[in-house]
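Spelled out, the chains give:
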Amino acid sequence: MFLAAAADDSLTDFFETSTWSVIRNLALFFVVVFWLATAYWVLKDARRRIDDPWLVAMAAVLGLVPPFLGPIVYLFFRPPEYIEDRRERELEIRAIEERLAEADLRCPVCRGHVDASYLVCPVCTTRLKQACVECGSPLESIWQACPYCATPVPAVSLGAGDEVLQPLRPRRRTAGDR
Ligand SMILES: [Zn+2]
Ligand SMILES: [Zn+2]
């Protein structure tokens, strides 16, 4: 009986000592630090996933209150991917679409399929591209120099844009033309 009372006394003494208050303050301090850390994490994560600044602000508030529960709720509702990844994916899709459009090049006159390397349309003989004067490579209309042999494209050929769409020769065939 005496022992138990002594133990009880020492226990109440312990809770009244400064050691206990130090432990209690430390625990409180860590809880607050952890709370702020989770709130900060929510803010950082929301910035990487959400475009709208108002929604980011709402997520930040949710990260703060209710403490610890807010971040968990945020986890349920956050967008599944980062803005960066989304942009990258959109760029990839656009690149694929451009590649597909390139593969589907058509002659502006007869709509026949042509290749990017063709100088003239094989179906209606429309001139599609200028040839490099040095190496004969097909040149895009905006190129200032041939990328294959570094020969500058003459300025004259740039001005003659109308001519590009004209057929090389009229498609007339006489009986003796064989
Ligand atoms: Zn054609
Ligand atoms: Zn060339």
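Here, every reference points to the structure presented above.
Parameters and conventions
- Residues numbered from 1 in each chain as written.
- Chains lettered and ligands numbered in written order.
- Predicted model: local features only at pLDDT ≥ 70, side-chain atom pairs only at ≥ 80, totals over all residues.
- Heavy atoms only, no water.
- Donors = N, O, S within 2.8 Å, 3.2 Å for Na, K, Ca; no water.
- Tetrahedral: all angles 85-135°; square planar, octahedral: opposite > 155°, others 65-115°.
- Helix = DSSP H or I, 4+ residues; strand = E, 2+ residues; numbered from the N terminus.
- Buried < 20%, exposed > 50% of the residue type's maximum accessible area, 1.4 Å probe, protein only.

(A) Highlighting the coordination of the zinc ion (ligand 1). Within the protein, Cys107 (SG), Cys110 (SG), Cys121 (SG) and Cys124 (SG) serve as the donor atoms for the zinc ion (ligand 1), at 2.2 to 2.3 Å. Seen from the zinc ion (ligand 1), its four donor atoms lie at angles of 106 to 114°, and the figure they make is tetrahedral. Along the chain, the residues that donate to the zinc ion (ligand 1) are spaced as C-x2-C-x10-C-x2-C. Of this pair, Cys110 sits in the loop between helix H5 (83–103) and strand E1 (130–131) while Cys124 is found in the loop between H5 and E1, placing the two residues 14 residues apart along the sequence. For Cys110, a relative accessible area of 29% corresponds to the partly exposed category. Classification of Cys124 as buried rests on a relative accessible area of 15%.

(B) Representation of the coordination of the zinc ion (ligand 2) in the model. Coordination of the zinc ion (ligand 2) by the protein is provided by Cys132 (SG), Cys135 (SG), Cys146 (SG) and Cys149 (SG), with metal-donor distances spanning 2.2 to 2.3 Å. Between consecutive donor residues of the zinc ion (ligand 2), the sequence gaps follow C-x2-C-x10-C-x2-C. Of this pair, Cys135 sits in the loop between E1 and strand E2 (138–139) while Cys149 sits in the loop between E2 and helix H6 (155–159), placing them 14 residues apart in sequence. For Cys135, a relative accessible area of 37% corresponds to the partly exposed category. Cys149 sits in the partly exposed class, given a relative accessible area of 29%.

(C) Quick look at unusual backbone geometry. With an omega of -10°, the peptide bond running from Val65 to Pro66 counts as cis. Take Pro66: it is sitting in the loop between helix H3 (53–64) and helix H4 (69–77). The phi angle at Arg111 is positive, at roughly 65°, despite the residue not being glycine. Within the fold, Arg111 resides in the loop between H5 and E1. Positive phi, close to 70°, is recorded for Ala150, a residue that is not glycine. Residue position: Ala150 is located in the loop between E2 and H6. Residue classification places Ala150 among the exposed residues on the basis of a relative accessible area of 61%.

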